[in-house]
Amino acid sequence: MIRHQVRELTRMPRVVSLRYRLGLCFGAILGLLMAVVVVGMLGFEQFRQNTDRLVEEDYPKSQLVDDTLGHLNTIALSMRNTLFLREGGAVQNELDTIAAANARLLTSLKQLHESFRDAEEQAILREIDIVDSAYRVNQDDFIRLIRESPLSEARNLLLVDVHPYQLQYFALLNRLKQHHRQLMLARSKALDSTYYRVNTVMLALTVLALLAGLYLTVRLARSLLRQLGGEPSYAMQVARQIAEGDVHRDIELRPGDQHSLLAVMDLMRHRLNARGDLLEQANMELGTTIEALHQTQQELVEREKMAALGALVAGVAHELNTPVGNGVIAASTMKDLTLKFLEQFQQGHLKRSELGQFLQEMQEGADILERNLLRAGDLVASFKQVAVDCSSIQLRAFSLHELVRETMLTLTPGFKKSPYRFVQDVPDTISLYSYPGPLSQVITNLVSNAVIHGFQQRDHGEVRIQAQVLSDGMVQLSVTDDGYGIPEDALPRIFDPFFTTRFGQGGSGLGLHIVYNNVTQTLGGKIRVHSQPGCTTFTLTLPPRLTPAA
């Protein structure tokens, strides 16, 4: 299969795509590498199985034979020791040792029968069983004689009958051990042979893969050089020059080269030169358009500010009309009463009761006049402060409660005849060192936005302004209305300039954009909005103290 792929690669016409050639090259190399992997996996799997058999089966068998020899040796030593001991307790200890070793020996013999399945091993085990039976009979006689204390008979029994069986027992166990060792050696040689064979095949396949990869790489490199039209380093240098904007330097092409990558890049360079002039002209026109749009945006923002000042002036006129009118009425009434009093005084018809009544009426009129003039003075002071803050950006300390109150006071004339309710829940203990003008404009735009958009064509509604100091010292100011809410698809764009849901109905789309810029840039805070039908909340997080800009 590999030779066939190589032959196909050498016969490929020049029109064959690079993808096909790369796929064929990599397929051939990958096939050889996969063969190396498969052979290695199969060989090492066999090697692992044989190794596991040695570790899990053969080595434990050798250990079992050694344990059996150890038990038999323990019995033999204890039997000899009983012939030289005179104390009853020591002799009994040796007999106990013989009994315990016999129990372990029986267990080992049973495990030997279960573990050794080879025919020759089974034959050796049968011989061991015959010797074991005779050995145990003589051993029992020996122990009986030891207990009855005829030591000379016990010694003769040990030397004449027991000892030969012990030697035969040891010889059979050593023979079993030697046979098993030969089997282990044979399997170790098989392991070495398997390992050598796998390594040889893997090495041969690896060398073949390297040679095939080298051959295919050379063929592919020549083909790529023809398609590039030159060395890759030169093609990369030309591409970098074009990417950096240097499209005026000539590209060196081989004679007759019209289809290589360098030839195409040269054609592209000529086209880029032709289009560069058009693009430069378009960029100049675009810059002029952007500058005009930026200027228009600034003009619209200033127009919004002037509209706010116009609303402030209208509010001043409307609010001052009531106390000033009341003062004029009180003054004119006092004037009429004074003229009437003078007339009675000149005619001499003035009575004491009339004098008292005149003085009382004058005092009431003065009280009315004083209250209305003080009311007008307060309104003028509040409107003046708001007007100064709105017309200039000045950093100063102020009470948030007073700022909200004065701002809502300027909005009252516009909303006085509306059925909407405005609630202020701002503690008078919150003070800021910030820019009151931009903050007042933010409150004005948010409240106006709630009335215009949230309560459109509704006969009820509530706007609530709340403030609190957070645990980290930041001041949180929220404006909430229970209107229709903001459409979900419009939420991500409400702070964009010129975005409005009342297009063609007088909306400029700059109100919330000005709010966002004032909060995030001038006031150094953050603003977020949460809206659903029946509840829309704009939440401002402001630092309590701003540092003057250098």
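What counts, and at which threshold
Along each chain, numbering runs from 1 in the same order as the chain's sequence is written. In view of the model being predicted, local features appear only for residues whose pLDDT reaches at least 70, and side-chain atom pairs are presented and counted only at 80 or more, with totals across whole chains, interfaces and linings using the full set of residues. Hydrogens and water are ignored here; the side-chain numbers use all heavy atoms of the structure. Here a strand is any run of E in DSSP of at least two residues, a helix any run of H or I of at least four, and the numbering for each starts at the N terminus. Residue exposure (1.4 Å probe, protein chains only): buried if accessible area is under 20% of the type maximum, exposed if over 50%, otherwise partly exposed. Throughout, a residue-residue contact means that at least one pair of heavy atoms, one from each residue, lies within 4.5 Å. For this analysis, a salt bridge means a side-chain nitrogen from Lys or Arg found within 4 Å of a carboxyl oxygen belonging to Asp or Glu. UniProt positions are given in the numbering used here, feature names are shortened, and annotations may be inferred rather than shown by experiment. The definition of a nonpolar core used throughout is a set of buried Ala, Val, Leu, Ile, Met, Phe, Trp, Tyr and Cys residues joined through side-chain atoms within 4.5 Å. What a helix is expected to span follows from its residue count: subtract one and scale by 1.5 Å. Any pair of nitrogen or oxygen atoms within 3.5 Å is treated as a polar contact; in protein, a donor-acceptor pairing is required on top of that, and neighbouring residues in sequence qualify only through side-chain atoms on both sides.

Identification of the chain as histidine kinase from Leeia aquatica is taken from an unreviewed UniProt entry.

1. Structural notes on the overall build of the chain
Within the chain one finds 11 helices and seven strands. Taking all 550 residues of the chain together, 35% fall into the buried category. Look at the contacts in the chain between residues 6 or more apart in sequence, and 73% of them connect residues 24 or more apart.

2. A word on the pattern of salt bridges
One pass over the full model with this rule turns up six salt bridges. Note that aspartate 66 is salt-bridged to lysine 177, the shortest N-O span being 2.7 Å. Of this pair, aspartate 66 sits in helix H2 (residues 18-82) while lysine 177 is found in helix H5 (residues 151-228), placing the two residues 111 residues apart along the sequence. Relative accessible area serves as the criterion here: at 30%, aspartate 66 is assigned to the partly exposed category. Linking arginine 421 and glutamate 462 is a salt bridge whose minimum nitrogen-to-oxygen distance equals 2.3 Å. With arginine 421 in strand E2 (residues 421-425) and glutamate 462 in strand E4 (residues 462-469), this residue pair connects regions lying 41 residues apart in the sequence.

3. Looking at the UniProt feature "transmembrane region" (unreviewed entry) in the chain
The sites that carry the UniProt feature "transmembrane region" (unreviewed entry) are, in the present numbering, residues 20-44 and 195-218. In residues 195-218, the share of helix is 100% and the share of strand is 0%. The end C-alpha atoms are 34 Å apart.

4. Things to note about the nonpolar core
Core analysis: the biggest nonpolar cluster contains 40 residues, and Leu400, Leu439, Leu446, Val447, Ile465, Leu477 and Leu540 have the highest contact counts within it. Within the residue set of this core, elements represented by two or more residues are helix H9 (400-415), helix H10 (436-454), E4, strand E5 (475-481), helix H11 (511-522) and strand E7 (535-542). At seven residues, the largest contribution of residues to this core is made by H10. When neighbours within four sequence positions are excluded, leucine 446 is seen to be in contact with Val479, Leu512, Val515, Phe538 and Leu540.

5. Quick look at helix H4 (residues 119-148)
A rise of 1.5 Å per residue sets the reference length of H4, with its 30 residues, at 44 Å; its end C-alpha atoms lie 44 Å apart and thus fit the reference within 8%. Capping the start of H4 is the job of one residue whose side-chain oxygen sits 3.1 Å from the backbone nitrogen of glutamate 120: aspartate 118. Once H4 ends, the next one or two residues include serine 149, with phi positive near 70°.

6. Considering the side chain of threonine 536
Mapped onto the secondary structure, threonine 536 falls in strand E7. Looking at threonine 536, its side chain comes within polar contact range of the side chain of serine 531, at 2.9 Å. Excluding anything up to four places from it in sequence, threonine 536 contacts Val479, Thr480, Asp481, Gly485, Ile486, Val529, His530 and Ser531.

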